[in-house]
Amino acid sequence: MALRLGDIAPDFEQDSSEGPIRLHEWLGASWGVLFSHPADFTPVCTTELGLTAKLKGDFAKRNVKVIALSVDSVASHREWIKDIDGTQGTTVNFPIIADGDRKVSELYDMIHPNANETLTVRSLFVIDPKKKVRLTITYPASTGRNFNEILRVIDSLQLTDNHSVATPGNWQDGDDVVIVPSLKDEDVIKQKFPKGYKAVRPYLRLTPQPNK
Ligand code: BEZ
């Protein structure tokens, strides 16, 4: 069965471009982004991995480690990394899992046989420090993902965890946020949101982003 939000991300040990990795141990106390791509030496994947490498500092700022996956071998990954570095003007600075036996792909339901019998689609999982799955997305092989959107979702999740707020549609960092509906005690709200809030409706309460 497909993984659902709130499930524990399955642990595994698998080889990678940086040697064998046991996922939970490798993540430690960090958040994680685990994402699959169909195959090495393909154009869309090359741009995605280059982009991800360039965003390393943005992921690190949020305490997030990233790890990619395809069903190609470690030797292939290492050759391809040279190409990504050369063509994307970056240095791939995260591991790429070599999932030749499809162990991880099957655990995470990354192969969708009606799309492709053997190759992984573009699956992506955000995993929190308790190892819970907090975001799942699946893109077709022909569409590269928007990694700024992944960062935006991580910001939203971390705001929810740390400040009891949710983020409205099209929210961007710095915009007003909404107080979660479960928070009802007026005294607690005043204490948690000293910048104040505006109740557009009793269930729609806007407040300035608390960590700004
Ligand atoms: C790619 O990864 O570049 C790709 C894969 C399948 C279809 C088109 C592009």
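Predicted, not measured: the structure shown is a model, and the values here were computed from it.

K.L.:
Can you lay out unusual backbone geometry for me, pointing to particular residues and giving the numbers?
P.N.:
For Asn-63, which is not a glycine, the phi torsion comes out positive at approximately 60°. On the basis of relative accessibility, which here comes to 38%, the residue Asn-63 falls in the partly exposed class. Even without being a glycine, Lys-131 presents a positive backbone phi close to 75°. Relative accessible area serves as the criterion here: at 13%, Lys-131 is assigned to the buried category.

K.L.:
Can you break down the site of the ligand residue by residue, with the values?
P.N.:
If you check the shell around the ligand, you find Thr-42, Pro-43, Val-44, Cys-45, Arg-122 and Ala-141 and nothing else. A distance of 3.1 Å separates an oxygen atom of the ligand from a polar atom in the side chain of Thr-42. With respect to the ligand, the backbone of Val-44 contributes an N or O atom lying 2.6 Å from an oxygen atom. Relative to its free-state accessible area of 260 Å², the ligand is covered by the protein chains to the extent of 67%. For the shell around the ligand, the element with the most residues is helix H2 (residues 43–54), which contributes three residues.

K.L.:
Could you give an account of the pairing of strand S10 (residues 198–201), naming the residues involved and the relevant values?
P.N.:
Pairing between S10 and strand S11 (residues 204–207): three bridges, direction antiparallel. Note on S11: the bridge partner recorded for Lys-198 is Leu-206. Where S10 folds back on S11, the antiparallel hairpin that results is connected by two residues.

K.L.:
A description of the sheet that holds strand S8 (residues 165–166) should follow, citing residues and the corresponding values.
P.N.:
In spatial order, the strands read S8-S9-S11-S10; together these four strands make up an open sheet with antiparallel pairing. With partners counted over all chains shown, the strands left at the sheet margins are S8 and S10, one partner each. Strand direction decides the pairing type here: strand S9 (residues 177–179) and S11, joined by two bridges, are antiparallel. Note on S11: the bridge partner recorded for Val-178 is Leu-206.

K.L.:
Any chance you could break down the environment of Leu-27 for me, citing the residues and the numbers?
P.N.:
Structurally, Leu-27 can be placed in helix H1 (residues 23–27). For Leu-27 and Lys-131, which are 104 residues apart along the polypeptide, the C-alpha to C-alpha distance reads 8.5 Å. Excluding residues that lie within four positions of it along the chain, Leu-27 makes contacts with Gly-32, Lys-65, Ile-127 and Lys-131.

K.L.:
Hey, could you go over the side chain of Ser-123 for me, with residue numbers and the actual values?
P.N.:
Structurally, the position occupied by Ser-123 is in strand S6 (residues 122–127). What Ser-123 contacts, discounting residues up to four positions off in sequence, is Leu-34, Phe-35, Ser-36, Asp-109, Met-110, Ile-137, Thr-138 and Arg-145.

K.L.:
Requested: an account of the UniProt feature "active site" (unreviewed entry) in the protein chain, with residues and values cited.
P.N.:
The UniProt record annotates "active site" (unreviewed entry) at Cys-45. Positionally, Cys-45 belongs in helix H2. The contact partners of Cys-45, leaving out residues within four places of it in the chain, are His-37, Pro-38, Ala-39, Trp-80 and Arg-122.

K.L.:
Any chance you could break down the packing of aromatic side chains for me, citing the residues and the numbers?
P.N.:
Taken as a whole and judged by the stated rule, the model has five aromatic pairs. On the numbers, 6.1 Å between centres and 85° between planes, the contact of Phe-12 with Tyr-108 is edge-to-face. Pair noted here: Phe-12 is in the segment before strand S1 (13–14) and Tyr-108 is in the loop between helix H5 (103–107) and S6, with a separation of 96 residues, a long-range link. Ring centres 5.6 Å apart and planes at 65° place the aromatic pair Phe-35 and Phe-147 in the edge-to-face group. Of this pair, Phe-35 sits in strand S3 (residues 31–36) while Phe-147 sits in helix H6 (residues 147–163), and the two are 112 residues apart along the sequence. Note on Phe-35: relative accessible area 0%, which makes it buried. Assessed through its relative accessible area of 2%, Phe-147 is described here as buried. Chaining the aromatic ring pairs together yields one cluster made of Phe-12, Tyr-108 and Phe-125. Against the face of Trp-26 rests Lys-65, its NZ or CZ located 4.9 Å from the ring centre.

Criteria and cut-off values
- Residues numbered from 1 in each chain as written.
- Predicted model: local features only at pLDDT ≥ 70, side-chain atom pairs only at ≥ 80, totals over all residues.
- Heavy atoms only, no water.
- Buried < 20%, exposed > 50% of the residue type's maximum accessible area, 1.4 Å probe, protein only.
- Near = heavy atom within 4 Å.
- Polar contact = N/O pair within 3.5 Å; in protein donor to acceptor, adjacent residues only side chain to side chain.
- Areas by Shrake-Rupley, 256 points an atom, 1.4 Å probe, with all protein chains shown as cover.
- Helix = DSSP H or I, 4+ residues; strand = E, 2+ residues; numbered from the N terminus.
- Pairing = 2+ DSSP bridges.
- Contact = heavy atoms within 4.5 Å.
- UniProt positions renumbered as here; feature names shortened; annotations may be inferred.
- Phe/Tyr/Trp six-rings, centres within 6.5 Å; stacked < 30°, edge-to-face > 60°.
- Lys NZ or Arg CZ within 6 Å of the ring centre and 35° of its normal.

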